[in-house]
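One-letter residues, chain by chain:
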Amino acid sequence: MSDPAPNTEPDKAASSGIPVGGETSPLVIMELIQRLKIRDVMTRNLVTLTREDTMRRAQELMRIGHFNGVPIAENGRLYGIVSIDDIIRALIGGYIDDTCAKHMSTHLIVLEDDMPISFALRYFENYKYGRFPVLSRDRALVGIVSQRDINRVLLYELTAEINRLERQITRPPEDGIGDDLYMLREYPVVRHDFENAGKAANEIKRLLRERNVDTRVTRRIAVAAYELEINICIHSHGGTLAMIVSKGVAEIVAKDTGPGIEDVEWACQDGTSTANDWIRSLGFGAGMGLANSKRVSDHFEIKSALDKGTTIRCKFDLRGPAPQQEPSP
Amino acid sequence: MTQDALAAACSGQILVPALADAEIAAGYASDMLSDVMANAPDAAALITIQNHVNTIAVCTLANIRVVVVCHGRPIPEDMRKAAAAEGVGIISTDLSQFEASCAIGKALEGGACA
Amino acid sequence: MTINDVAKVLNGKVLFKEEGRDRHVGAVVASDLMSDVLLVDADDMLLLTSLASDQALRTAQIVGAMGVVVHNDKPLPATMQDVARRLGISLVTAPYAKYESCVRIHAAIERDKRGETL
């Protein structure tokens, strides 16, 4: 009876049906299912039995508690699961009074408590079980997670998110052209999420073009937004990218939650980078980000504290001429 | 062509000479070192802006005789040293990768112009 | 020289073509480092790259490129055509290496200048 071990993420191609986590998913949902971990949603008060308990005892628990499976655990260590199917077979086979140890399933699919719930969603789609035991890093049984657990928390978080978005909408309408143009958008940026890196900047550019903002200025804003978004993605623990347009000025604000920049002046130079080889192989990390954003902005401000995070603000005059700085050779 | 001819073709400067008898028979433009290792033809000149020491390691693995570093990108000291030690030449040019590729292609005359 | 002309010259395939009137190649940039592409201040850029990823398209949209060509007939990620469509960026695959494409496109531009057929 081997110790059940966590599986690696199931093949993406195998999943189907759930319209969450693909190219079409809103960034907000992507961010949620990455940010929320299984420990945030799982049920911790577990009913378990020991190996020496009987199958009959398991059946009683399932009947009283209205669930379909009982984990078999001792001292926090998971040994197996007895399911309703196992009970039915035991009743038919006449061994309902045998120990759980004799008949429990030991080939288990488990999840880890610090996995994002996006993993759980895929597991539910691929494995067709109703629930999965959850183990901590040191393989202790810490909870159990069902689809209901996920639904409950998602619903709660999405409601909060929608409330936040609605508050944005009830601000002055995003309307007007030229000096009267008002827009406010904020996008989450997830650490090392290279699939979606740049999406927010693409959105920002699209919005500015739709509003007929001058092409030259739009390009500068888009470049700054993109560079800053990639920076958050590569170098930080995650953060947000926002655009505020008001009274003829566009501002791009990039905020992250850490780790902070030790030498801000060094980081703002051309060619300096803390990116590793893997990141470079993806096409990023040539160390231009901050220098480039600074160069294309009319006004550039950066604040950073180690372990607290970094906030960068780039301002663009939507009316005036291009900035005086010449691009460096 | 020789490295001197190569430098002339792309309006470049030889910063580190390649091995004396180095003959360049083809060009390969790439900034992705994995791509260079997988696809670069034999006896090629690598056209790139990757100005760091890893480029030299890849050149020795892929049998690249000379690296043409574009856009006037500065060559760091460790890259120079590695190149000299491995007998890989470094030519610096102000041209872009596109311009350098075209110029070298023309000079080689083996490049497929139609 | 339109994106269809580019595909023809490179014996390549147009996977997506930008809607609206055909744009013509302004500048040609051959690069795999997207941070570098952002530095180029040119209109209607044709981006030649070996980077077979959505990032090439996202960068192209930011700089207003008129098309992206991916080389070595590299298999593209499943999302890439979809991203091209969403961002409205023309996408071409070519069998040649980037160096080869540079030479061919350059030759085509010269023929174009001389008023010859591409």
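For the structure itself, look to the data block above.
Residues numbered from 1 in each chain as written. Chains lettered and ligands numbered in written order. Predicted model: local features only at pLDDT ≥ 70, side-chain atom pairs only at ≥ 80, totals over all residues.

Visitor: So what exactly am I meant to see when it comes to the overall build of chain B here?
Guide: In terms of helices and strands, chain B carries five helices and five strands. Listing every helix and strand of chain B by position from the N terminus yields α-β-β-α-β-α-β-α-β-α. Per-residue burial over chain B gives 51% buried out of 114 residues. Expressed as a percentage of contacts within chain B between residues at least 6 apart in sequence, the contacts between residues at least 24 apart total 52%. (Helix = DSSP H or I, 4+ residues; strand = E, 2+ residues; numbered from the N terminus. Buried ≥ 20, exposed ≤ 12 C-beta atoms within 10 Å, placed from the backbone. Contact = placed C-beta atoms within 7 Å.)

Visitor: Could you clarify how one ought to interpret the overall build of chain A in this entry?
Guide: Looking only at helices and strands, chain A features 12 helices and 10 strands. Split into buried and exposed, the 329 residues of chain A put 34% on the buried side. Pairs at least 24 apart in sequence give 63% of the contacts found in chain A among residues at least 6 apart.

Visitor: Could you clarify how one ought to interpret the interface of chain C and chain A in this entry?
Guide: Size of an interface, as often reported, equals the accessible area lost when the parts are brought together. Taken together, the 19 residues of chain C in the interface contact 18 residues of chain A. At the level of secondary structure, the elements contributing two or more residues to the side of chain C that touches chain A comprise helix H2 (34–37), helix H3 (54–62) and helix H4 (80–87) of chain C. If one sorts the elements of the side of chain C that touches chain A by residue count, H3(C) sits on top with five residues. Grouping the amino acids of the side of chain C that touches chain A by side-chain chemistry returns eight nonpolar, six polar and five charged. (Nonpolar A, V, L, I, M, F, W, Y, C, P; charged D, E, K, R; others polar.)

Visitor: What should I look at first to understand the interface of chain B and chain C in this one?
Guide: Residue-level contacts link 20 residues of chain B with 19 residues of chain C. Put simply, the parts of the chain that give the side of chain B that touches chain C at least two residues each are strand S2 (26–29), helix H2 (33–39) and helix H5 (97–108) of chain B. Ranked by the residues each element gives to the side of chain B that touches chain C, the list is headed by H5(B), at five residues. Taken together, the residues that form the side of chain B that touches chain C break down as 10 nonpolar, eight polar and two charged.

Visitor: Just checking my understanding: could you explain helix H5 (residues 98–113) of chain C for this structure?
Guide: The α-helix winds at 3.6 residues per turn, so residues separated by three or four positions along the chain end up facing the same way. Residue and element names in this part refer to chain C. Along its 16 residues, H5 runs 22 Å from first to last C-alpha, staying within 8% of the 22 Å computed at 1.5 Å per residue. The complete set of buried residues in H5 reads Lys98, Tyr99, Glu100, Ser101, Cys102, Val103, Arg104, Ile105, His106 and Ala108. Where H5 terminates, the next one or two residues include Gly115, which has phi positive at roughly 80 degrees. (Expected span 1.5 Å × (residues − 1).)

Visitor: Would you mind showing me how to read the nonpolar core here?
Guide: Within soluble globular proteins, side chains that are nonpolar tend to cluster in buried spots. Of all hydrophobic cores here, the largest spans 117 residues; its most connected members are A:Ala225, B:Leu46, B:Val68 and C:Val6. Sequence-distant contacts of B:Leu46, defined by excluding residues within four places in its chain, comprise B:Tyr28, B:Val36, B:Ala40, B:Cys59, B:Ile64, B:Val67 and B:Val68. Listed in part, the 31 residues of the second largest apolar core include A:Met42, A:Tyr79, A:Met104 and A:Leu111. (Core = buried A, V, L, I, M, F, W, Y, C linked by C-beta atoms within 7 Å.)

Visitor: Teacher, can you tell me more about unusual backbone geometry here?
Guide: Residues other than glycine seldom take positive phi values, yet B:Asn63 does so here, at roughly 55 degrees. Despite not being glycine, C:Asn11 shows a phi value in the positive range, around 50 degrees. Note that C:Asn11 resides in the loop between helix H1 (3–9) and strand S1 (13–16).

Visitor: For this particular structure, what's the right way to read the sheet that holds strand S5 (residues 141–146) of chain A?
Guide: The strands that make up a sheet are held in pairs by hydrogen bonds between backbone atoms, and each pair lies either parallel or antiparallel. All names here are of chain A. If you trace the three strands from one edge of the open sheet to the other, you get S3-S4-S5, paired in mixed fashion. Every other strand in the sheet has two partners, leaving strand S3 (111–112) and S5 as the edge strands with one partner each. In this structure, strand S4 (residues 131–135) lies alongside S5, joined through five bridges in antiparallel fashion. Bridging from a neighbouring strand, Val134 pairs with Gly143 of S5. (Pairing = 2+ DSSP bridges.)

Visitor: Is there a simple way to explain H4(C) in this structure?
Guide: Buried residues of H4(C): C:Met80, C:Val83, C:Ala84 and C:Leu87, and no others. Mapping the buried residues of H4(C) onto a view down its axis gives an arc of 105 degrees, with all of them on the same face. Of the surrounding elements, those touching the buried residues of H4(C) are helix H8 (199–210) of chain A together with S1, H3 and strand S5 (91–93) of chain C. Following H4(C) by one or two positions, C:Gly88 adopts a phi angle in the positive range, close to 70 degrees. (Arc of directions from axis to C-beta.)

Visitor: How do you make sense of the pairing of strand S1 (residues 69–74) of chain A when you look at a structure like this?
Guide: Along any regular strand the residues' side chains alternate between the sheet's two faces. All names here are of chain A. Summarising the sheet, S1 and strand S2 (residues 77–83) pair through six bridges and their orientation is antiparallel. Across the sheet, Glu74 pairs through a bridge with Arg77, a residue of S2. With antiparallel pairing between neighbouring strands as the criterion, S1 and S2 make up a hairpin whose turn holds two residues, including Asn75 at a positive phi of roughly 50 degrees.

Visitor: Honestly, the sheet that holds strand S3 (residues 44–48) of chain B in this entry has me stumped. Any pointers?
Guide: Residue and element names in this part refer to chain B. As summarised here, the arrangement of the five strands in space is S1-S5-S4-S3-S2, forming an open sheet in which the pairing is mixed. Pairing within the sheet leaves two strands with one partner each, and these edge strands are strand S1 (12–16) and S2. Averaged over all neighbouring strand pairs, the angle between strand axes comes to 25 degrees, with direction disregarded. Here four bridges tie strand S4 (residues 66–69) to strand S5 (residues 89–93), and the two strands are oriented parallel to one another. Directly across from Val66, in S5, lies its bridge partner Gly89. (Axes fitted to C-alpha atoms, helices over the stretch in contact; angles between N-to-C directions.)

Visitor: For this particular structure, what's the right way to read the packing of H5(B) against H5(C)?
Guide: Working note: a packed helix pair is described by the angle between its axes plus the distance between those axes. As a packed pair, H5(B) and H5(C) sit with axes 8 Å apart at the nearest point and diverge in direction by 80 degrees. With respect to H5(C), the element H5(B) is oriented roughly perpendicular. Contacts from B:Phe98, B:Ser101, B:Cys102 and B:Gly105 in H5(B) reach C:Tyr99, C:Cys102, C:Val103 and C:His106 in H5(C). Looking at the contact of H5(B) with H5(C) residue by residue, the class counts come to five nonpolar, three polar and no charged. (Parallel < 35°, antiparallel > 145°, perpendicular 65-115°, else oblique.)

Visitor: I tried to follow the packing of helix H3 (residues 55–65) of chain A against helix H4 (residues 84–93) of chain A on my own but got confused; where do I start?
Guide: All names here are of chain A. It is the contact of H3 with H4, at a shortest axis distance of 10 Å, that shows an interaxial angle of 130 degrees. Taken together, the axes of H3 and H4 are oblique relative to one another. Two packed elements cross with a definite hand, and for H3 against H4 that hand is left-handed. Contact residues: H3 offers Met55, Ala58, Gln59 and Met62, while H4 offers Ile84, Ile87 and Ala90. Classifying every residue of the contact of H3 with H4 gives six nonpolar, one polar and no charged. (Left-handed = near helix turned anticlockwise from the far one by under 90°.)

Visitor: I keep staring at the pairing of S2(B) and nothing clicks. Help me out?
Guide: Residue and element names in this part refer to chain B. Bridge count for S2 against S3 is four bridges, and the pairing is parallel. Bridge pairing in S3 places Gly27 opposite Ala45. For the crossover that starts at S2, traverses H2 and ends in the parallel S3, the hand is right-handed. (Right-handed = clockwise from strand over helix to strand, strands pointing away.)

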